[in-house]
Amino acid sequence: MNLHEYQAKELFERAGIPIVPGIVATTPAEVRAAAQKIGGTVVIKAQVHSGGRGKAGGVKLANTPEEAEEKARAILALTIQGLPVRKVLVTSAVDIASETYAAILVDRAVKKPILMLSAAGGVDIEEVAHTNPGAILKLPIDLTTGLLPWQARAAMGKIGKSGKEALAMADILVRLYRVFWDEDASMAEINPLVITKDGKALALDAKVSIDDNALFRHDDLEAMRDIADETSGSILARERGLSYVPLEGDIGCIVNGAGLAMATMDLVKYYGGQPANFLDIGGSSNPEKVVAALKIITGDSTVKAILFNIFGGITRCDDVARGILTALDQLTIGVPLVIRLTGTNEELARKILAEKGLTATTSMDDAVKAVIAASQGGAR
Ligand code: GDP
Ligand code: MN
């Protein structure tokens, strides 16, 4: 679960990381009042779960409350990476002397959290990673000790920072690791970590993602969930207990079991297709789950064809077939549907599907090839 900048900054503040206090607003008039209250030049920042807000016009400076209102009107009308801006954060503007990139995140390759640090902060870090990977320091962190102050100071030295400003930033890194660890985050990022013209270290931006599997022990964080920024599919999946991960492709996949879902996605790729999602309806025999799954998939307008891949064990194929028919009664599915089912009660399932003129194959290869052809406008 991603936190908004203003929420992540609350965590930072509690951990003693210096931030610029701000006011959250939802209308241009509120922004004007906030700017009035703060006084001087302010920054207005879109609060959406997306990076690159600056580049998208979602971060703007304003010198007067009138200007703030005007800029806020423009920002609140934006949609950034598909997410409409509903809230902005208004803070006092800072005079920046330098911008550093700092993040703690899980590195799957080293199976540890790492500290990522770069003197090329502020700009797109993905761009830096691409064009100048040497400019990014990656330091694995020992899980038993955490990030130790001397390690943070040494890391600062390695990116060319020295003096009391480096010490202040190192202190922020140690606290950032504490936030990452205590809140069960998968990522905690400050970009930019700035030194101001008057020599203070500050977290000017804040990005924190919490591991969903740990949310049960963080009621305060669960309360920060912003449903407005989730797609209806993700919300429905969470409510119905389905594991759903949207991807970039156009073939919707509905599968029972995580392993089979992974294998299905591999096979779709193998035959030249692109999966639109990972979706595991689980091992239960509940037609309602099938209906929910189809609702989720059909809600994604990029999907050009849907593949059901069911291996009946505990899951009964007839229940899945009933679920498909119920869903067809409730929904209009404007794309081809390819069904593969085999295992428990498969004959009965086939009979049920035949009532509506649907057929199913038992071969996973055939089904995957068929769904790819269907997605390209070929035979069903
Ligand atoms: P992001 O684009 O979503 O990462 O949003 P950021 O909060 O990182 O803001 C983008 C950029 O706007 C920063 O890298 C700064 O260069 C600039 N910016 C943000 N806040 C201030 C501020 O208080 N003063 C000045 N001068 N620039 C700021
Ligand atoms: Mn940023």
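Look above for the structure.
In this text, all values refer to a predicted model and were calculated from it rather than measured experimentally. Along each chain, the written sequence defines residue order, and numbers are assigned to residues from 1. To label them, take the chains in the order written and letter them from A, then take the ligands in the order written and number them from 1. Whole-chain, interface and lining totals are the exception, using all residues; otherwise, since this is a predicted model, local features are given only for residues with pLDDT of at least 70 and side-chain atom pairs are given and counted only at 80 or more. To get the side-chain values, take all heavy atoms of the structure and skip hydrogens and water.

S.K.: Sorry if this is basic, but what is going on with the coordination of the manganese ion (ligand 2) here?
M.R.: Each pair of donors in an ideal four-coordinate tetrahedral metal site encloses 109.5 degrees, whereas pairs in an ideal six-coordinate octahedral site enclose 90 or 180 degrees. Note that water is not among the atoms used; donors are N, O and S atoms within 2.8 Å of the metal (3.2 Å for Na, K and Ca), so sites may look incomplete. Only Asn 191 (O) and Asp 205 (OD) from the protein reach the manganese ion (ligand 2) as donors, at distances of 2.1 to 2.2 Å. Here the residue Asn 191 occupies a position in strand β10 (residues 185-196), and Asp 205 occupies one in the loop between β11 (201-203) and β12 (207-210), the gap between them amounting to 14 residues. For the pair formed by Asn 191 and Asp 205, the shared burial category is buried. A run of DSSP states H or I qualifies as a helix once it reaches four residues; a run of E qualifies as a strand once it reaches two. Both are numbered from the N-terminal end. Each residue's exposure class comes from its accessible area (1.4 Å probe, protein chains only) as a fraction of the maximum for that residue type: buried when under 20%, exposed when over 50%, partly exposed otherwise.

S.K.: Could you clarify how one ought to interpret the packing of helix α10 (residues 287-298) against helix α11 (residues 317-330) in this entry?
M.R.: A packed helix pair is summarised by two numbers, namely the angle formed by the two axes and the spacing between the axes. The axes used here are C-alpha line fits, helices contributing only the stretch in contact, and every angle between their N-to-C directions lies in the interval 0 to 180 degrees. One way to put it is that α10 packs onto α11 with a least axis distance of 7 Å and a crossing angle of 50°. Taken together, the axes of α10 and α11 lie oblique to each other. As for the relative orientation of α10 and α11, their crossing is right-handed in sense. Where α10 approaches α11, its residues Pro 287, Val 290, Val 291, Leu 294 and Lys 295 are matched on the opposing element by Asp 319, Val 320, Gly 323, Ile 324, Thr 326, Ala 327 and Gln 330. The labels follow the angle: roughly parallel below 35 degrees, roughly antiparallel above 145, roughly perpendicular from 65 to 115, and oblique for the rest. The sense of a crossing depends on the near helix, which, turned anticlockwise from the far helix by less than a right angle, makes the crossing left-handed and, turned clockwise, makes it right-handed. The contact definition used throughout considers only heavy atoms, calling two residues in contact when any of these lie within 4.5 Å.

S.K.: Would you mind going over the side chain of Thr 315 with me for this structure?
M.R.: Examined against the element boundaries, Thr 315 turns out to sit in the loop between β16 (305-312) and α11. Looking at Thr 315, the relative accessible area reads 2%, which means it is buried.

S.K.: Please clarify how the site of ligand 1 should be interpreted in this entry.
M.R.: In the vicinity of ligand 1 lie 15 residues, with Lys 45, Arg 53, Gly 54, Val 94 and Glu 99 positioned nearest. Here a polar contact is recorded for every N or O atom pair within 3.5 Å, except that within protein the pair must consist of a potential hydrogen donor and a potential acceptor, and residues adjacent in sequence are included only if both atoms are side-chain atoms. Separating an oxygen atom of ligand 1 from a backbone N or O atom of Gly 54 is a distance of 2.7 Å. Within the contact set of ligand 1, an oxygen atom lies 3.0 Å away from a side-chain nitrogen or oxygen of Asp 205. Protein coverage of the free-state accessible area of ligand 1, which is 560 Å², stands at 79%. Being near a molecule or strand, for a residue, means having at least one of its heavy atoms within 4 Å of it. Per-residue and other accessible areas were derived by the Shrake-Rupley procedure at a 1.4 Å probe size, with only the shown protein chains allowed to occlude residues.

S.K.: I'm lost on the nonpolar core in this one. Help?
M.R.: Most often, soluble globular proteins have nonpolar side chains that are buried together. The set of buried Ala, Val, Leu, Ile, Met, Phe, Trp, Tyr and Cys residues whose side-chain atoms join them within 4.5 Å is what this entry labels a nonpolar core. In this structure, Phe 12, Leu 117, Met 156 and Val 208 are the most contacted members of the largest nonpolar core, which totals 41 residues. Only α1 (5-14), β7 (96-107), β8 (112-118), α5 (149-158), α6 (163-182), β10, β11 and β12 provide two or more residues apiece to this core. The greatest single-element share of this core, amounting to 10 residues, is contributed by α6. Dropping the residues within four chain positions of it, Met 156 is found in contact with Leu 117, Lys 161, Ala 166, Met 169, Ala 170, Leu 173 and Leu 193. Counting 34 residues, the second largest nonpolar core, distinct from the first, contains Ala 237, Leu 294, Ile 306 and Leu 358.

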